Amino acid sequence: MTITADQLVGAAQDLGQEEFTRADIANRLGVEKPELKQAFAQARKAGRVEKVRDDEENTGHFRLT
């Protein structure tokens, strides 16, 4: 199953959080994190998702734009 940028954004909206990680989205969609790589790239390129920060464990945190 290929996850689309639309599915990624929808899952992020469903989380109801200001910030989220790739793991949060993967859990919401029931997939593994590597399956989100293309969708994250497309969503970031389209300006729908932006990276906010990396935490102390070097985990990327994102938000919807």
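In what follows, the structure referred to is the one given above.
Quantities reported herein were computed from a predicted structural model and do not represent experimental measurements.

Student: Before we go on, may I ask you to explain the environment of Lys45 in this structure?
Tutor: Note that Lys45 resides in helix H3 (residues 37–45). Residue classification places Lys45 among the exposed positions, given a relative accessible area of 79%. Separated by 39 residues in sequence, Lys45 and Asp6 have C-alpha atoms that sit 13 Å apart.

Student: Could you clarify how one ought to interpret unusual backbone geometry in this entry?
Tutor: What you tend to see is this: most non-glycine residues have negative phi, and most peptide bonds are trans. One non-glycine residue with positive phi stands out, namely Asn58, at about 65°. Within the secondary structure, Asn58 is located in the loop between strand E1 (49–54) and strand E2 (60–64).

Student: What am I meant to see in the pattern of salt bridges here?
Tutor: Any two side chains of opposite charge can pair if their charged atoms end up close together. Tallying each qualifying case throughout the model produces five salt bridges. With a closest N to O distance of 3.4 Å, Asp14 and Arg28 form a salt bridge. With Asp14 in helix H1 (residues 5–15) and Arg28 in helix H2 (residues 22–29), this residue pair connects regions lying 14 residues apart in the sequence. A residue is classified by how much of its surface remains accessible, and Asp14, at 51% relative accessible area, is exposed.

Rules used in this analysis
- Residues numbered from 1 in each chain as written.
- Predicted model: local features only at pLDDT ≥ 70, side-chain atom pairs only at ≥ 80, totals over all residues.
- Heavy atoms only, no water.
- Helix = DSSP H or I, 4+ residues; strand = E, 2+ residues; numbered from the N terminus.
- Buried < 20%, exposed > 50% of the residue type's maximum accessible area, 1.4 Å probe, protein only.
- Salt bridge = Lys/Arg side-chain N within 4 Å of Asp/Glu carboxyl O.

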